[in-house]
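Read off the chains here:
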Amino acid sequence: RSFGRIMRPDDANIAGNVHGGTILKMIEEAGAIISTRHCNSQAGEPCVAALARVERTDFLSPMCIGEVANVSAEITYTSRHSVEVQVNVMSENILTGAKRVTNKATLWYVPLSLKNVNKVLEVPPIQYARKEQEDEGKKRYEEQKLDRLETKQRNGDVILPVINPEPHTVGYSQSSLIHLVGPSDCTLLGFVHGGVTMKLMDEVAGIVAARHCKTNIVTASVDAINFHEKIKKGCVITVSGRMTFTSNKSMEIEVFVDADPFVDEPRERYRAVSAFFTYVSLSKEGKPLPVPQLLTETEDEKRRFEEGKGRYLQTKAKRQAQMQQSAQ
Amino acid sequence: RSFGRIMRPDDANIAGNVHGGTILKMIEEAGAIISTRHCNSQAGEPCVAALARVERTDFLSPMCIGEVANVSAEITYTSRHSVEVQVNVMSENILTGAKRVTNKATLWYVPLSLKNVNKVLEVPPIQYARKEQEDEGKKRYEEQKLDRLETKQRNGDVILPVINPEPHTVGYSQSSLIHLVGPSDCTLLGFVHGGVTMKLMDEVAGIVAARHCKTNIVTASVDAINFHEKIKKGCVITVSGRMTFTSNKSMEIEVFVDADPFVDEPRERYRAVSAFFTYVSLSKEGKPLPVPQLLTETEDEKRRFEEGKGRYLQTKAKRQAQMQQSAQ
Amino acid sequence: RSFGRIMRPDDANIAGNVHGGTILKMIEEAGAIISTRHCNSQAGEPCVAALARVERTDFLSPMCIGEVANVSAEITYTSRHSVEVQVNVMSENILTGAKRVTNKATLWYVPLSLKNVNKVLEVPPIQYARKEQEDEGKKRYEEQKLDRLETKQRNGDVILPVINPEPHTVGYSQSSLIHLVGPSDCTLLGFVHGGVTMKLMDEVAGIVAARHCKTNIVTASVDAINFHEKIKKGCVITVSGRMTFTSNKSMEIEVFVDADPFVDEPRERYRAVSAFFTYVSLSKEGKPLPVPQLLTETEDEKRRFEEGKGRYLQTKAKRQAQMQQSAQ
């Protein structure tokens, strides 16, 4: 099934390019609806599907104000306690009829009981047209499970403030915002929609990128994001971002989300999510521009730069392998 | 009583014309305030006025970004269990001082008990300046009651997807969107505001119209809409639209709203509202443009086209009769 | 002229109290409409009235979700280049009919040419019912002019980050957010509405207050705010707040707004606005609660605490003088 909505001025930057975060939020909403519906399709305890993970997502082509975003979602695998959803986004210029695929995203949801949010329920199995589909789904399931475990460790880092930073250093562009979680940010369970969190993350990452290169920037991709911790209504979220790596024509920004319950809760501030966003800088004609190189100063910054380079080269190699494969 | 606000970019399409749905939402909010206030004006059970019906509404003149929309509402008739509200909208260019009437709408509200949403309360009667006002109001009340009953039957139709449709066919422009009902969409009773529903309906109808004629389009009128079924917080709404008829310079689009409780409710998906929207295509100078003819293929499409033609000719005849009357 | 709208969940905190920032935004919109209309009432260059100053505003009583906010605005004085607008806000419970005055605000606007934003136009004079009204208005005009000049100096201060702060210190609760200015934030001139800025300022101040006392907090008052510098569409705004003073039952928070043009602009980041917000902490029954004392550490913090105490005592003395006057 496919659904559309017109992109409005507030969905986009001043160059008219729709924010990656707006698209991620639409993707997540479609995924949440289809997986919640599926998980409630058999008699049993009512539940709400909560976002557990989004796989790496590429933004294949910028979307513009006035275009219609068509979002279609399909369940592609179910494990005992999780649902894999494939969401495709197509942008359509309704004046010319031109259509482009802009995103293909894969999301994992977990059904949580409406009565007891800490209880994970069982997922009704889906039927596969062919046995291989189930096997491939199982493989994807195992892979993401491993990755989820790994990132659980990595989450301790903090962005420290820098006084009077020089242009093009990490401290110069690092940014953070706070957001008071309101009712419209939340699911029926009273926890923040994954899509709302991703939209805020993209907002901060975009500001970091723009501060660094001072040109029109757009989201090129988002690495896999794991949602380990829920964020409750009434929390204050702090979203912080810092640049970790630049190639000739791209910037990688690490984003952290911290939740602070702060009212009526004994709990301390905690890390809820973290992720890497990649941005490119575009000329007025939509061509990628060269990006100023990131100046690293501390040992940690140099290490993170090298790690970012590793991710960059790995992605590049993967893409080339795929292109060769499809050329054969 | 009068309410006003400045029209912002998000209220309008890319040509700067305010969406008909934005205006319908403002109209309904004014109507809900004045009728809720009236129904609670005597000691008794507290209640919230719920929208039951909007009479056919014409959009007399397009409104633009930066103009102030002034909305004034007045109660014009009360039956035992319903309130008729007349809402007028005037657009004002605060730079030139120019004012234009853009809408005259008539809405019917029913007071529902705040403690038991299924209980309809009694409406305090209003005073009429002249006896004829009461008689005319009673006549309007009886007429709309009949029409409400009729539409209750019609609601069973469904929009099926079409693969690879040809331009200007029904399948080519048909569209749908989904919306997860959030807290700010709802009244104190926890049910969707009629105005929120109408705004979504206009959004889909506008996409259908633009896909068909690929030019700047604006809402010209909305046929009477009956709200037979409430939609609760937490539901998913699917709004679908298809073109039913084209004249030389107008397009008629039928819109369906289906609600899916899908969590915590034994209830199946159900049809909540349906309505006909009429759009025109405008040139850059604001002049109406010719519209490509709708290509009907199936028997059903041909039948709906003829029915749409009937509504079109009826409205045209009524308008001519009114013009002759006022010319005498 | 009067404007109204229903307060929604998104307008309020989780205790159901409408944010002071929501109310300030409505007040400013009403003021902008009425003063823009007045300044264009005579033939001449079209202009947009830009907010120059808001006088100290008290929040007399909390507003709640579901209530209707009625905003009425009136022009009370005009100088050659500025307009004074008095805006009153009344909250109305449409279920019980109960009404309370919640705010009385005074705003100053300046007409800027639509063709050249740096050109201040002349204001058509208003007629006064009595000569004293004009004299009193002139006195208010001279007073605010002086105060505007003074604050222009004060604006250089910066909030520095603190590592691992102790609870109840200044560093512990200080907070900041960034916001990318979108089209719906702006007037026809392409500059941020004063009301949008004030809403963001109240959001940060509220988070500072809640972090300090960890209870439900509401805006009690805002000191006079001067808008010395415009903020253009496409800027990134950084809004930062720190606590400056606590009395037994109130907290004073200083808020700074910095604008960073950062794309296509040679201009450096600059201070656009600063202001003092006062908050109180409320129990579930709506009674004011004692507030933990602010722990000051540096000389600057101690100085700011004393200055805050001065403002607090001055306001208290003024209020007592008014009460004695009205008791006579």
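Because the structure is a prediction, the values reported are computed rather than measured.

Re the interface of chain C and chain A
Of the residues lining the interface, 32 residues belong to chain C; the matching set on chain A comes to 31 residues. Across the chain C/chain A interface, buried area totals approximately 2,600 Å², and carbon plus sulfur atoms make up 66% of it. The largest contributions to the chain C side of the interface with chain A come from I178, R211 and F262 of chain C, which together make up 23% of the buried area. Connecting chain C to chain A are 2 salt bridges. Along the contact surface separating chain C from chain A lie 4 residue pairs in polar contact (both at pLDDT 80 or more). Among the secondary structure elements, those contributing two or more residues to the side of chain C that touches chain A are β7 (175–180), α4 (194–213) and β10 (236–246) of chain C. Broken down by element, the side of chain C that touches chain A gets its largest block of residues, 6 residues, from β7 of chain C. Of the residues belonging to the side of chain C that touches chain A, the class tally is 15 nonpolar, 9 polar and 8 charged.

A few points about the UniProt feature "active site" (unreviewed entry) in chain A
Residues and elements named next belong to chain A. With numbering matched to this structure, UniProt assigns "active site" (unreviewed entry) to N13 and D202. Across 190 residues, the annotated set stays spatially compact, with a maximum C-alpha separation of 12.2 Å. With respect to the helices and strands, the residue N13 is situated in the loop between β1 (2–6) and α1 (20–39). Not counting residues up to four positions away in its chain, the partners in contact with N13 are H19, N216 and I217. By the secondary structure assignment, D202 is in helix α4 (residues 194–213). With a relative accessible area of 5%, D202 lands in the buried category. A polar contact is formed between the side chain of D202 and the backbone nitrogen of G20, at a distance of 3.5 Å.

Structural notes on the state of the cysteines
Residues and elements named next belong to chain A. Enumeration according to the criterion identifies 0 disulfides over all chains in this entry. For the unlinked cysteine C47, the closest cysteine sulfur is that of C39, found at 4.9 Å. Overall, the relative accessible area of 1% leaves C47 in the buried class. There is no disulfide at C64, and the cysteine sulfur nearest it, in C213, is 18 Å away. Classification of C64 as partly exposed rests on a relative accessible area of 31%.

A look at the environment of P125 of chain A
Residues and elements named next belong to chain A. Structurally, P125 can be placed in the loop between β6 (99–113) and α2 (131–154). The exposure class of P125 is exposed, given its relative accessible area of 62%. In the structure, P125 is positioned 43 residues away from S82 in sequence and 9.9 Å away in space, judged by C-alpha atoms. Beyond its immediate stretch of four places on either side in the chain, P125 contacts H38 and T78.

A few points about the relation of the copies chain B and chain A
Expressed as a screw operation, the relation of chain B to chain A combines 0.1 Å of axial shift with a rotation of 120°, fitting to an RMSD of 0.1 Å. Considering both components of the superposition, the chain copies are consistent with a three-fold axis. Comparing contact sets, just 17% of the residues at the interface of chain B also lie at the interface in chain A, consistent with a heterologous contact between different surfaces.

A word on a nonpolar patch on the surface
A cluster of nonpolar side chains, V158 and L160 of chain A together with I163 of chain C, forms an exposed patch at the surface whose accessible area comes to about 290 Å². Positionally, I163 of chain C belongs in the loop between α2 (131–154) and α3 (170–173). Classification of I163 of chain C by relative accessible area gives exposed; the value is 52%.

Some words on the packing of helix α1 (residues 20–39) of chain B against helix α4 (residues 194–213) of chain B
Residues and elements named next belong to chain B. It is the contact of α1 with α4, at a shortest axis distance of 8 Å, that shows an interaxial angle of 170°. Between α1 and α4, the angle falls in the class roughly antiparallel. Counted together, G20, G21, T22, L24, K25 and E28 of α1 and G194, G195, V196, M198, K199 and D202 of α4 form the full contact between these two elements. Of the residues that constitute the contact of α1 with α4, the class distribution is 3 nonpolar, 5 polar and 4 charged.

Let's talk about the sheet that holds β10 of chain C
As summarised here, the arrangement of the 6 strands in space is β3-β8-β12-β11-β10-β7 (chain C), forming an open sheet in which the pairing is antiparallel. With one partner strand each, in any of the chains shown, β3 (57–58) and β7 of chain C form the two edges of the open sheet. Both strand β8 (residues 216–222) of chain C and strand β12 (residues 270–282) of chain C contribute to a ladder of 6 bridges, which runs antiparallel. Bridging from a neighbouring strand, T219 of chain C pairs with Y279 of chain C of β12 of chain C. Contacts from α4 of chain A reach β7, β10 and β11 (251–260) of chain C, with the element oriented near 75° to β7 of chain C.

A few points about α1 of chain B
Taking 1.5 Å as the rise per residue, α1 of chain B with 20 residues should run 28 Å; its terminal C-alpha atoms sit 28 Å apart, in good agreement. For α1 of chain B, a buried count of 19 out of 20 residues is recorded, marking the element as mostly surrounded by other parts of the structure.

Overview of α4 of chain A
Residues and elements named next belong to chain A. Along its 20 residues, α4 runs 29 Å from first to last C-alpha, staying within 8% of the 28 Å computed at 1.5 Å per residue. Within α4, 18 of the 20 residues are buried, which leaves the element mostly enclosed by the surrounding structure. One or two residues past the end of α4 sits K214, with phi positive at roughly 55°.

A few points about the nonpolar core
Side chains that are nonpolar tend, in soluble globular proteins, to be buried together. Membership of the largest hydrophobic core comes to 156 residues, with the highest contact counts inside it found for I231 of chain A together with I231 of chain C. By size, the runner-up hydrophobic cluster in this structure holds 77 residues, among which are I34, V89, M198 and V222 of chain B.

With respect to the pairing of β12 of chain C
Residues and elements named next belong to chain C. With respect to burial, β12 is a largely interior element, 13 of its 13 residues being buried. Where β11 lies against β12, 9 bridges are found, and the strand directions are antiparallel. By the bridge assignment for β12, F256 is matched with S274.

Some points on the sheet that holds strand β3 (residues 57–58) of chain A
Residues and elements named next belong to chain A. Spatially, β3-β8-β12-β11-β10-β7 is the arrangement adopted by the 6 strands of the open sheet, whose pairing is antiparallel. Strands with a single pairing partner mark the edges of an open sheet, and in this sheet they are β3 and β7 (175–180). Where β7 meets strand β10 (residues 236–246), 6 bridges bridge the pair, whose relative direction is antiparallel. Paired with S175 across the bridge in β10 is G241. Running at roughly 45° to strand β12 (residues 270–282), α4 makes contact with β7, β8 (216–222), β10, β11 (251–260) and β12 of the sheet.

Section: the domain arrangement of chain A
All names here are of chain A. Domain assignment breaks chain A into domain 1 (2–150) and domain 2 (170–327). With 28 residues of domain 1 in contact, the opposing surface of domain 2 contributes 29 residues. Summed over both partners, the interface of domain 1 with domain 2 comes to about 2,300 Å²; 60% of that surface belongs to carbon and sulfur atoms. The tally of links between domain 1 and domain 2 comes to 1 salt bridge. Note that R56 and D223 form a salt bridge whose closest N and O atoms lie 2.8 Å from each other. For the pair domain 1 and domain 2, the interface holds 13 residue pairs in polar contact (both at pLDDT 80 or more). Of all the secondary structure elements, the ones that give two or more residues to the side of domain 1 that touches domain 2 are α1, β2 (47–54), β3, β6 and α2. If one sorts the elements of the side of domain 1 that touches domain 2 by residue count, α1 sits on top with 6 residues.

Remarks on the packing of aromatic side chains
All chains considered together, the criterion is met by 18 aromatic pairs over all chains. Centre to centre, the rings of F245 of chain C and Y312 of chain C are 5.4 Å apart; their planes meet at 45°, and the pair counts as tilted. With F245 of chain C in strand β10 and Y312 of chain C in helix α5 (residues 299–327), this pair connects stretches of sequence that are 67 residues apart. Clustering of aromatic rings is evident, with ring pairs tying together Y77, W108, Y128 and Y141 of chain A. One residue, K230 of chain A, lies across the ring of F191 of chain A, its end atom 5.6 Å from the ring centre.

Rules behind the numbers
- Residues numbered from 1 in each chain as written.
- Chains lettered and ligands numbered in written order.
- Predicted model: local features only at pLDDT ≥ 70, side-chain atom pairs only at ≥ 80, totals over all residues.
- Heavy atoms only, no water.
- Contact = heavy atoms within 4.5 Å.
- Buried area = accessible area lost by both parts, 1.4 Å probe.
- Salt bridge = Lys/Arg side-chain N within 4 Å of Asp/Glu carboxyl O.
- Polar contact = N/O pair within 3.5 Å; in protein donor to acceptor, adjacent residues only side chain to side chain.
- Helix = DSSP H or I, 4+ residues; strand = E, 2+ residues; numbered from the N terminus.
- Nonpolar A, V, L, I, M, F, W, Y, C, P; charged D, E, K, R; others polar.
- UniProt positions renumbered as here; feature names shortened; annotations may be inferred.
- Buried < 20%, exposed > 50% of the residue type's maximum accessible area, 1.4 Å probe, protein only.
- Disulfide = S-S within 2.5 Å.
- Least-squares fit on C-alpha atoms with pLDDT ≥ 70 in both.
- Patch = residues over 30% accessible without salt bridge, like charges linked within 9 Å, V, L, I, M, F, W, Y side chains within 5 Å.
- Areas by Shrake-Rupley, 256 points an atom, 1.4 Å probe, with all protein chains shown as cover.
- Axes fitted to C-alpha atoms, helices over the stretch in contact; angles between N-to-C directions.
- Parallel < 35°, antiparallel > 145°, perpendicular 65-115°, else oblique.
- Pairing = 2+ DSSP bridges.
- Expected span 1.5 Å × (residues − 1).
- Core = buried A, V, L, I, M, F, W, Y, C linked by side-chain atoms within 4.5 Å.
- Domains from an automatic or database assignment.
- Phe/Tyr/Trp six-rings, centres within 6.5 Å; stacked < 30°, edge-to-face > 60°.
- Lys NZ or Arg CZ within 6 Å of the ring centre and 35° of its normal.

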